[in-house]
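Close look at the chain arrangement
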Amino acid sequence: MAWCVGARESREKGGRDVSADDGAERIWPPVDYSVGRENIRQFVEASGERRVIYKDSKVSGEAGFRDVVAPPMFAAVYSWRSVRPALADAGIDMTRILHTSQEFVWSEPVCAGDTITTVAELRSRAGSKKASTYVFGTVSHNQEGDEVSRGTWTILVKGG
Amino acid sequence: MKPGDAVPELRVMPDRHLPHPFAGAGEDFNPIHIDPEAARQAGLPGHVLHGLYLMSVVARAAGELAPGDPRALKRLSVEFRDMGVPEQEIIVTGTVREVRDGRAVVDAAAEQSGKVIVGGGEAEIEV
């Protein structure tokens, strides 16, 4: 019963259990990501993006952004930083996971210099001894309090 | 732009080492992505691409409906149907399903060696 162990550990670490009325089984404390130009550049190059607006502050500036703007999928970087500890905290063995589906919804753009704060929650868990499906949600805001993205992460854990 | 229009096809060839920089940029060092032996022990043929890399490639293809506008992509949802592997070409295709209120909804998918690796892709783009 890794689930129960994980829940107890979460409370000890500051995570909290919430009632089903909140729509989430558990919510973890916020996690910050300070966005640097080189973080964006590394992601852009690793993901094969070629547009110069994601690399050159002058080009981003001319397009109206305050610094180098991140491509939308940079959400995968800053929000994963909150999901990864949530997975571990929920007692999930990283070598047995399959990422089965993902959704992001974007609002305000993210630029170098921003601090993005993400809260991860476990929305649901269902399954059997063979496999369990966990659905995590993330909501990310910038330092102004504006929402930048929301994610829905569906993860299958082999072996329950 | 109208329903039935195709998104420009995107073809990419991930090299053998690509999961390493992606792991670094995305802080996801799961051994199945960077260690072929660990991947084999997990029942895979070798190290596999990150799902979020595949999603990034789909996002890039869908984004070409509003070229160079980082704010245009408003939503993307995908299903990871099969493992993506290095050193085999990925082909992303998409079709406009509908256009309303200044937004296009695009059905998108990615294939590798004739297998659908990303399916059920749905993107909303301001156009």
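Residues numbered from 1 in each chain as written. Chains lettered and ligands numbered in written order. Predicted model: local features only at pLDDT ≥ 70, side-chain atom pairs only at ≥ 80, totals over all residues.

**A closer look at the overall build of chain A**
Test applied: What counts as a helix is a DSSP run of H or I of at least four residues, what counts as a strand is a run of E of at least two, and both are numbered from the N terminus. Placing C-beta atoms from the backbone, we regard two residues as in contact once those atoms come within 7 Å.
Each helix and strand counted, chain A has four helices and seven strands in total. N-terminal to C-terminal, the α/β element order of chain A is α-β-β-β-α-α-α-β-β-β-β. When contacts within chain A are restricted to residue pairs at least 6 apart in sequence, long-range pairs at least 24 apart make up 67% of them.

**Things to note about the overall build of chain B**
For clarity, the threshold we go by: Residue burial is a threshold on neighbouring C-beta atoms within 10 Å of the residue's own C-beta, all placed from the backbone, with 20 or more meaning buried, 12 or fewer meaning exposed, and counts in between meaning partly exposed.
Assigned secondary structure in chain B consists of four helices and five strands. Oriented by its inertia axes, the alpha-carbon framework of chain B measures out at about 50 × 30 × 20 Å. Among the 127 residues that make up chain B, the fraction classed as buried is 43%. Considering only contacts within chain B whose residues lie at least 6 apart along the sequence, 62% involve residues at least 24 apart.

**Notes on the nonpolar core**
The following threshold applies: By our criterion, buried Ala, Val, Leu, Ile, Met, Phe, Trp, Tyr and Cys residues that link up through C-beta atoms within 7 Å make up a nonpolar core.
Of all hydrophobic cores here, the largest spans 74 residues; its most connected members are Phe74(A), Leu54(B), Val58(B) and Ala62(B). Per-element accounting of this core gives the leading share, nine residues, to helix H4 (residues 51–63) of chain B. In contact with Leu54(B), not counting residues within four places along its chain, are Leu49(B), Phe80(B), Gly84(B), Ala110(B), Ile117(B) and Val118(B).

**Points about the environment of His17(B)**
All names here are of chain B. Of note, His17 is situated in the loop between strand S1 (6–12) and helix H1 (19–26). For His17, a count of 12 C-beta atoms within 10 Å puts it in the exposed group. Sequence separation between His17 and His47 is 30 residues, and the spatial gap between their C-alpha atoms is 9.8 Å.

**Here we look at the interface of chain A and chain B**
Here is the rule: Note that Gly is not counted as nonpolar here; it falls among the polar residues with everything else outside the nonpolar set of Ala, Val, Leu, Ile, Met, Phe, Trp, Tyr, Cys and Pro and the charged set of Asp, Glu, Lys and Arg. Note on pairing: two strands pair once DSSP finds at least 2 bridges between them.
Opposite the 28 residues of chain A that make contact, chain B presents 31 residues. Of all the secondary-structure elements, those providing two or more residues to the side of chain A that touches chain B are helix H2 (37–46), helix H4 (75–89) and strand S4 (97–106) of chain A. For the side of chain A that touches chain B, the element with the highest residue contribution is S4(A), accounting for eight residues. Taken together, the residues of the side of chain A that touches chain B sort by class into 15 nonpolar, eight polar and five charged. Sheet topology note: the S4(A)/strand S2 (residues 73–80) of chain B ladder contains five bridges and is antiparallel. Looking at S2(B), one finds that Gln102(A) is bridged to Val78(B).

**Description of the environment of Ala90(A)**
Residue and element names in this part refer to chain A. Following the sequence through the fold, Ala90 ends up in the loop between H4 and S4. For Ala90, a count of 25 C-beta atoms within 10 Å corresponds to the buried category. Along the chain, Ala90 and Ala126 lie 36 residues apart, while their C-alpha atoms are 13 Å from each other.

**Here's the deal with H2(A)**
For H2(A), the complete set of buried residues consists of Ile40(A), Phe43(A), Val44(A) and Ala46(A). Taken together, the buried residues of H2(A) touch H4 of chain A together with H1 of chain B. Immediately beyond the C-terminal end of H2(A), within one or two residues, lies Gly48(A), with a positive phi of roughly 85°.

**Concerning the pairing of strand S5 (residues 115–127) of chain A**
Residue and element names in this part refer to chain A. Bridge count between strand S2 (residues 26–27) and S5: two bridges; the pairing is antiparallel. The residue of S5 that forms the bridge with Arg26 is Leu122. Two strands pair when backbone bridges link them, and strand S3 (residues 31–34) and S5 are joined in this way by four bridges, in the antiparallel orientation. Looking across to S5, one finds that Val31 is bridged to Thr118. Here 10 bridges tie S5 to strand S6 (residues 131–141), and the two strands are oriented antiparallel to one another. Each residue of the ladder has a partner; that of Gly127, found in S6, is Ser132. Hairpin connection, S5 to S6: the antiparallel pair is bridged by three residues.

**Here's the deal with the packing of H2(A) against H1(B)**
We apply this condition: Interaxial angles span 0 to 180 degrees and are taken between N-to-C directions of axes, which are lines fitted to C-alpha atoms, for helices over the stretch in contact. Any angle that falls under 35 degrees is termed roughly parallel, while one over 145 is termed roughly antiparallel, one within 65 to 115 roughly perpendicular, and all others oblique. Should the near helix be turned counterclockwise from the far one by less than a right angle, the crossing is left-handed, whereas a clockwise turn marks it as right-handed.
Relative to each other, H2(A) and H1(B) sit at 150°, their axes nearing to 9 Å. The angle between the axes of H2(A) and H1(B) places the two elements in the roughly antiparallel class. When you trace H2(A) past H1(B), the crossing you get is left-handed. When H2(A) is examined against H1(B), the residues Gln42(A), Phe43(A), Glu45(A) and Ala46(A) are found in contact with a partner set consisting of Pro21(B), Phe22(B), Gly24(B), Ala25(B) and Gly26(B). The class makeup of the residues in the contact of H2(A) with H1(B) is five nonpolar, three polar and one charged.

**Quick notes on the environment of Met13(B)**
Residue and element names in this part refer to chain B. For Met13, the position within the fold is in the loop between S1 and H1. Given 11 C-beta atoms within 10 Å, Met13 falls into the exposed group. The sequence separation of Met13 and Asp35 amounts to 22 residues, and the corresponding C-alpha distance is 20 Å.

**As for the confidence of the model for chain A**
Residue and element names in this part refer to chain A. Let me state the cut-off plainly: Each residue carries a pLDDT score, the predictor's own confidence in it, on a scale running from 0 to 100.
With 86% of its residues at a pLDDT of 70 or more, chain A shows a mean pLDDT of 87. No element of chain A has a lower mean pLDDT than helix H1 (residues 2–13), at 34, and none a higher one than S3, at 98. Considering only residues more than four positions removed or in separate chains, one finds that residues 1–21, a stretch of pLDDT under 50, has 25 contacts.

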